Amino acid sequence: MDELMSASKEFFRQPLQMKREFSNLNDGEQFRAEGYGNDKVRSKDQILDWSDWIYLKVEPEDERNLALWPKHPSSFRDALHEFVVRCRRVKRDVLRAMARIAGLDDDDQHFVDQLGGRATVHARFNYYPPCPRPDLVMGIKPHSDGTVITVLLVARGADGLQVLRYGVWYSVPSSSTHALLINVGESTEVMSNGMFRSPVHRVVNSAEKERISLAMRSG
Ligand SMILES: O=C(O)CCC(=O)C(=O)O
Ligand SMILES: [Fe+2]
């Protein structure tokens, strides 16, 4: 996790020109989901998030578009691959535990198998630079994840993530180590008939501190 978080930081700290090599704008114009950049611009009045990201399909392995995987730092690709492999187990264990909580017996059939053998996983590396006027921007707008499950890797000491519960925003405390946070996705909320809720969350920027995270979005 250390290596991956350092590689991510190093990537984002490069000059824009270097990062644009992996841009999510094809020919500088046409938006595609994968690559480095920001939201698709749909109108002049659109408010963009105060963040940068890289969005990459990481599973199934044979559907990776390696041309968009950063080459610098050189540790980036291997560190990401290793994390993807480790996440498979985390995901499976969490989904099995959830099936047990739901009182289901043959657990794999319920949540794990919903992902199938060729489940799609996207990695979204997020970088939130400090903002001199955090009151005017949003690092990532309020949303819930359209996934089965999201494994969020939060860099050591990074704060800014907030979760909405009954109309009140609660801050997720930062940790002195890198941390994994599991987010229930909308598909699981539907599959469980609302027993597991997919929380609405957002990131607020800080005036002094950056935030780095990696969301592994499954399904
Ligand atoms: O940076 C974070 O912790 C939140 C990221 C997030 O919500 C997402 O990528 O879906
Ligand atoms: Fe999210």
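Residues numbered from 1 in each chain as written. Chains lettered and ligands numbered in written order. Predicted model: local features only at pLDDT ≥ 70, side-chain atom pairs only at ≥ 80, totals over all residues. Heavy atoms only, no water.

Draft legend 1. Layout of the packing of aromatic side chains. One pass over the full model with this rule turns up 7 aromatic pairs. When the ring of Phe76 is compared with that of Phe125, the centres are 5.0 Å apart and the planes differ by 40 degrees; the resulting orientation is tilted. In this pair, Phe76 is assigned in helix H3 (residues 76-101) and Phe125 in strand E5 (residues 121-128), connecting sequence segments 49 residues apart. Take Phe125: its relative accessible area is 0%, and that puts it in the buried class. (Phe/Tyr/Trp six-rings, centres within 6.5 Å; stacked < 30°, edge-to-face > 60°. Helix = DSSP H or I, 4+ residues; strand = E, 2+ residues; numbered from the N terminus. Buried < 20%, exposed > 50% of the residue type's maximum accessible area, 1.4 Å probe, protein only.)

Draft legend 2. Region of interest: the coordination of the iron ion (ligand 2). Every protein donor of the iron ion (ligand 2) is listed here as His143 (NE2), Asp145 (OD) and His201 (NE2), and their distances to the metal cover 2.1 to 2.3 Å. Spacing between the donor residues of the iron ion (ligand 2) along their common chain follows H-x1-D-x55-H. Taken together, the residues span a long stretch of sequence, with Asp145 in the loop between strand E6 (140-143) and strand E7 (149-154) and His201 in strand E11 (residues 201-203) at a distance of 56 residues. A single burial state applies to Asp145 and to His201, both of which are buried. (Donors = N, O, S within 2.8 Å, 3.2 Å for Na, K, Ca; no water.)

Draft legend 3. Main features of H3. An ideal rise of 1.5 Å per residue puts 38 Å on 26 residues; H3 measures up with 37 Å between its terminal C-alpha atoms. Those residues of H3 not exposed but buried are Phe76, Ala79, Leu80, Phe83, Val84, Cys87, Lys91, Leu95, Met98 and Ala99. (Expected span 1.5 Å × (residues − 1).)

Draft legend 4. Layout of the pattern of salt bridges. This structure, assessed with the given rule, holds 16 salt bridges. For Lys57, the salt bridge is made with Glu63, and the minimal N-O distance between the two is 2.6 Å. Connected through shared salt-bridge partners, Lys57, Asp62, Glu63 and Arg118 make up one network. (Salt bridge = Lys/Arg side-chain N within 4 Å of Asp/Glu carboxyl O.)

Draft legend 5. Inspection of the packing of helix H1 (residues 2-12) against H3 at higher detail. Here H1 crosses H3 at 135 degrees, and the two axes come no closer than 9 Å. Considered as vectors, H1 and H3 are oriented oblique to each other. Crossing hand, H1 versus H3: left-handed. Every residue of H3 that contacts H1 at Glu3, Leu4, Ala7 and Ser8 is listed here: Phe76, Ala79, Leu80 and Phe83. Of the residues belonging to the contact of H1 with H3, the class tally is 6 nonpolar, 1 polar and 1 charged. (Axes fitted to C-alpha atoms, helices over the stretch in contact; angles between N-to-C directions. Parallel < 35°, antiparallel > 145°, perpendicular 65-115°, else oblique. Left-handed = near helix turned anticlockwise from the far one by under 90°. Contact = heavy atoms within 4.5 Å. Nonpolar A, V, L, I, M, F, W, Y, C, P; charged D, E, K, R; others polar.)

Draft legend 6. A look at the nonpolar core. Formed by 28 residues in total, the largest nonpolar core has its most connected members in Val58, Leu80, Phe125, Leu214 and Met216. Every element with two or more residues in this core is listed here: H1, strand E4 (52-59), H3, E5, E7 and strand E12 (211-218). At 6 residues, the largest contribution of residues to this core is made by H3. Once residues lying within four places of it in the same chain are set aside, the contact partners of Met216 are Val58, Phe83, Val84, Cys87, Val121, His122, Ala123, Ile149, Thr150 and Val151. Of all hydrophobic cores here, the second largest spans 9 residues; its members include Met98, Ala99, Phe111 and Ile149. (Core = buried A, V, L, I, M, F, W, Y, C linked by side-chain atoms within 4.5 Å.)

Draft legend 7. Fine view of the environment of Ser171. Residue position: Ser171 is located in strand E9 (residues 168-171). Once the C-alpha coordinates of Ser171 and Arg202 are considered, the two residues, 31 residues apart in sequence, prove to be 9.6 Å apart. If we skip the residues at most four places from it in the chain, Ser171 touches Leu161 and Gln162. There is a polar contact of 3.4 Å between the side chain of Ser171 and the side chain of Gln162. (Polar contact = N/O pair within 3.5 Å; in protein donor to acceptor, adjacent residues only side chain to side chain.)

Draft legend 8. Focus on the site of ligand 1. Taken together, 13 residues lie around ligand 1, and Tyr128, His201, Arg211, Ser213 and Arg217 are the ones closest in. Separating an oxygen atom of ligand 1 from a side-chain N or O atom of Tyr128 is a distance of 2.6 Å. In this structure, an oxygen atom belonging to ligand 1 sits 3.0 Å away from a side-chain N or O atom of His201. In isolation ligand 1 has 300 Å² of accessible area, and contact with the protein removes 99% of it. Elements supplying a minimum of two residues to the shell around ligand 1: E5, E6, E11 and E12. (Near = heavy atom within 4 Å. Areas by Shrake-Rupley, 256 points an atom, 1.4 Å probe, with all protein chains shown as cover.)

As far as function goes, none of this settles anything; it's purely spatial.
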